[in-house]
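Structural overview for review
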Amino acid sequence: MGFSPGDPVIVREVWQGKIWTVRALTIVRDEPDLLVLYQPAGAPWKRPHSLNGRPIRLPDQPWQLHDDAMPEDALRLILPGQAHSVLLIWRKQWELLCWYINLEEPFRRTPLGFDYMDQTLDIVVEPDMSSWRWKDEDEFEEAQAKGIYSRKQALEIRIEGERALERLLFRKPPFDERWEDWRPDPAWAKSAIGGGWHLAGQS
Ligand SMILES: [Mg+2]
């Protein structure tokens, strides 16, 4: 089993059995030791809003999903079983904005794609890797205070981040490849991304 390059997949964040986000992504590589997904600028996604219509960032209240579009091109590299993804995010004209370590539950395969859940804390690394910083530490603290993560989980998440950062900065595999120079197969624009398909529920 497994997906082929160019296949459209549905990637969902799921919190306690309830869908938190839905993204429409494209398979770049699906191998036992590396999963790579492409998110084109403008890709549709569904994101959580409070019941009175405000975007929310933590699953500490009831929510409903609203349609939105991803602003930037991004490539997402996942080492199966590990509790993070590394994203490259580009501005227009393929100007690399940053490397982004997203801490999260390991991806789980589903018939249509993958499920996981974000873990709030992130690391942003400069395009040339000259510096880096934690992102959303305050929200991570808030999530701990609200009982979304235990102290032990929070510590594990932070350690995972440090491990992931070391792997990236030392350009250990798969970061020994020049992912900065990756570009989508032009043939995909017609089939998977631009033309033919949409998230369920959209017309
Ligand atoms: Mg995150």
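In this numbering scheme, every chain counts its residues from 1 along its sequence in written order. Selection of residues for local features in this predicted model requires a pLDDT of at least 70, selection of side-chain atom pairs for listing and counting requires 80 or more, and totals for whole chains, interfaces and linings are taken over all residues.

**As for the overall build of the protein chain**
In this text, helices come from DSSP runs of H or I with a minimum length of four residues, and strands from runs of E with a minimum of two, each type numbered from the N-terminal end. Within the protein chain, the secondary structure is distributed over 3 helices and 12 strands. Within these notes, the globule rule equals 2.2 Å times the number of residues to the 0.38 power, and the radius of gyration is based on C-alpha atoms. For 203 residues, the compact-globule estimate of 2.2 N^0.38 gives 17 Å, and the C-alpha radius of gyration of the protein chain, at 17 Å, lies within 12% of that figure. Comment: burial labels come from other C-beta atoms within 10 Å of the residue's own C-beta, placed from the backbone, where a count of 20 or more is buried, 12 or fewer is exposed, and between is partly exposed. Put simply, the protein chain has 203 residues, and 27% of those count as buried.

**A few points about the pairing of strand β3 (residues 34-39)**
A large share of β3 lies buried, amounting to 5 of its 6 residues. In this description, strands pair whenever DSSP reports at least two bridges between them. Bridging between strand β2 (residues 18-31) and β3 involves 5 bridges; their strand directions are antiparallel. Residue R29 lies in a different strand from β3, and its bridge partner there is V36. Remark: 2 residues form the turn of the hairpin made by β2 and β3, two consecutive strands paired antiparallel. In the sheet, β3 pairs with strand β6 (residues 73-78) via 5 bridges, with the strands oriented antiparallel. Bridged to Q39 within β6 is A74.

**Quick word on the environment of M117**
Position of M117 relative to the elements: it lies in the loop between β10 (113-116) and β11 (118-125). Given 16 C-beta atoms within 10 Å, M117 falls into the partly exposed group. Expressed as a C-alpha distance, the spacing of M117 and K146, which sit 29 residues apart in the sequence, is 17 Å. A pair of residues counts as a contact when their C-beta atoms, built from backbone coordinates, are separated by no more than 7 Å. Those residues in contact with M117 that sit more than four places away from it in its chain are E13, V14, W15, W20, E104 and E105.

**Overview of helix α2 (residues 151-169)**
In this analysis, the expected span of each helix is defined as 1.5 Å times one less than the number of residues it contains. Its 19 residues give α2 an end-to-end C-alpha distance of 27 Å, which sits within 8% of 27 Å, the value for a rise of 1.5 Å per residue. In the segment just after α2, R171 is the residue with positive phi, at about 50°.

**So, the pairing of strand β4 (residues 44-49)**
As a general feature of sheets, a regular strand has side chains that alternate between the two faces. Pairing between β2 and β4: 2 bridges, direction antiparallel. By the bridge assignment, R23 is partnered in β4 with W45.

**What to know about unusual backbone geometry**
Most of the time, phi is negative for any residue but glycine, and the peptide bond is trans. Here P173 and P174 are connected by a cis peptide whose omega angle stands at 5°. For P174, the location among the structural elements is in the loop between α2 and α3 (188-195). Although it is not a glycine, Q16 sits at a positive phi angle of roughly 50°. Along the chain, Q16 falls in the loop between β1 (8-15) and β2. Judged by local crowding, Q16 falls into the exposed class, with 7 C-beta atoms found within 10 Å. One non-glycine residue, M129, lies in positive phi territory at about 65°.

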